[in-house]
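Structural description and commentary
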Amino acid sequence: MRDRSFNSWMQRVLFQNYEDWHMKEPNYNRNGFHIIGIDNTLKAMQDGYIPYMELTPPQAIQGCTRMKATVNKKKDGVDLYLEVDDKSYMIPELGYPEAVQILRNFVSRLKLPEASRYIEVQRVDGKAIQADFRKLALLLLGDSERSKRFLKKQKPDSIEAAEEARNALYEEMLKQRRAVELEWKCDKESFLMQVAELCKGYRLVIREDGLHAAPGDIEGWCRELSAQWDNYCLAELDMFGETHGLFLLKREHCDEAVRLAEKLLLTVRIYGSGEESQNA
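Just so it is clear, the model here is predicted, and its values are computed rather than measured. (Residues numbered from 1 in each chain as written. Predicted model: local features only at pLDDT ≥ 70, side-chain atom pairs only at ≥ 80, totals over all residues. Heavy atoms only, no water.)

To continue, consider a positive patch on the surface. On the surface, a cluster of positive charge is contributed by Arg134, Arg149, Lys152, Lys153, Lys155 and Lys175. Sort the elements by how many residues they give to the positive patch and helix α5 (residues 145-153) lands first, with three residues. Tracing the backbone through its elements, the reader meets lysine 152 in helix α5. (Patch = residues over 30% accessible without salt bridge, like charges linked within 9 Å, V, L, I, M, F, W, Y side chains within 5 Å. Areas by Shrake-Rupley, 256 points an atom, 1.4 Å probe, with all protein chains shown as cover. Salt bridge = Lys/Arg side-chain N within 4 Å of Asp/Glu carboxyl O. Lys, Arg positive; Asp, Glu negative; His and termini not counted. Charge placed at Lys NZ, Arg CZ, Asp CG, Glu CD. Helix = DSSP H or I, 4+ residues; strand = E, 2+ residues; numbered from the N terminus.)

Shown next as structure tokens:
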């Protein structure tokens, strides 16, 4: 134990590697990171690629057992959450540079921001999370008996559980052929073939001559196809991997799907046209 502690100390002091700290975000969930990982993760949040990140120390720091940053509703900064002495606190609407500095200080200097800045907040309502996940799942799967059976097994009561339930939801969408999975840089022919399968039964016409020829531009093709249709558009349940999970969504449901995903810290990406292009 002593050797491992000494090695962690050496990594921390000499190389700014924090092997006994835990970092979690949609693409990373394990112990160990370099201090620059905080900067890179906040930059990914600022650029709209991920919605949150959190840091957990090996032991409480001034009573704080976790610090979590989430993209705020305005999309121009973050809300910072702290778990301190079994209570939840929040510092709203931080700019990205200040959020980076606070998180860096938490890790490298074992320091919290001034307590006068905290706002005590109520813990997340587990029943509300279940209700929001149910509504989102029914929007994406359809209100069928099979969907209801799926929801009997998936009742997330925390944000962390909702993230796990999202994986199950995605797999269920694929099984029900409500979604198709495309490789990150698939060619235009493969893209059209997969989307044509998705459109069966919807009476949606695909005009191939309306798509540009740039290779691998799945997002561009999705927007161009969506612009061809009046009542539907292509959307994506972002799994933060190297594939695209595409599905069809009624335009009238776009805002609600984005709103529900946002509350659960999930991402539904809408490939509409104009103001309908949204990223939760």
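Right, let's talk about the packing of aromatic side chains for a bit. Counted according to the given criterion, the structure contains five aromatic pairs. Here the aromatic rings of phenylalanine 191 and tryptophan 221 are separated by 5.3 Å at their centres, their planes lie at 45°, and the arrangement is tilted. Placement of the pair is phenylalanine 191 in helix α7 (residues 188-199) and tryptophan 221 in helix α8 (residues 218-226), with a sequence separation of 30 residues. Given the relative accessible area of 0%, phenylalanine 191 is considered buried. For tryptophan 221, a relative accessible area of 0% corresponds to the buried category. Above the ring of tyrosine 52, the side-chain terminus of lysine 68 is found at 5.0 Å from the ring centroid. Positioned over the ring face of tryptophan 184 is lysine 185, at 4.9 Å from the centre of the ring. (Phe/Tyr/Trp six-rings, centres within 6.5 Å; stacked < 30°, edge-to-face > 60°. Buried < 20%, exposed > 50% of the residue type's maximum accessible area, 1.4 Å probe, protein only. Lys NZ or Arg CZ within 6 Å of the ring centre and 35° of its normal.)

Taken together, the side chains of Glu171, Glu181, Glu183 and Glu242 make up a negatively charged region of the molecular surface. In this structure, glutamate 171 sits in helix α6 (residues 159-175).

All right, on to the pattern of salt bridges then. Two side chains bearing opposite charge may form a pair once their charged atoms approach each other closely. For the coordinates displayed, the defined rule picks out 16 salt bridges. The residue lysine 24 makes a salt bridge to glutamate 163 at a minimum N-O spacing of 3.4 Å. Of this pair, lysine 24 sits in strand β1 (residues 22-25) while glutamate 163 sits in helix α6; the two residues are 139 residues apart in sequence, bridging distant segments of the chain. On the basis of relative accessibility, which here comes to 11%, the residue glutamate 163 falls in the buried class.

Among the nonpolar cores identified, the biggest contains 34 residues, and Phe33, Ile38, Leu42, Leu55 and Leu80 are the most heavily contacted of them. Looking at this core, the elements with two or more residues in it are α2 (36-46), β3 (52-56), β4 (64-71), β5 (78-84), β6 (87-94) and α3 (96-108). When residues of this core are assigned to their parent elements, the largest contribution, seven residues, is made by α3. Ignoring any residue separated from it by four or fewer positions in sequence, one finds leucine 42 in contact with Met53, Val78, Tyr96, Ala99, Val100 and Leu103. The next biggest cluster of nonpolar side chains, apart from the first, holds 32 residues, and it includes Tyr52, Tyr170, Ala179 and Met239. (Core = buried A, V, L, I, M, F, W, Y, C linked by side-chain atoms within 4.5 Å. Contact = heavy atoms within 4.5 Å.)

For the α-helix, the turn length of 3.6 residues means that residues three or four positions removed from each other point alike. All of the buried residues along α8 are Ile218, Gly220, Trp221, Cys222, Leu225 and Ser226. As for α8, its buried residues are in contact with β8 (179-183), α7, β9 (232-237), β10 (243-250) and β11 (268-271).

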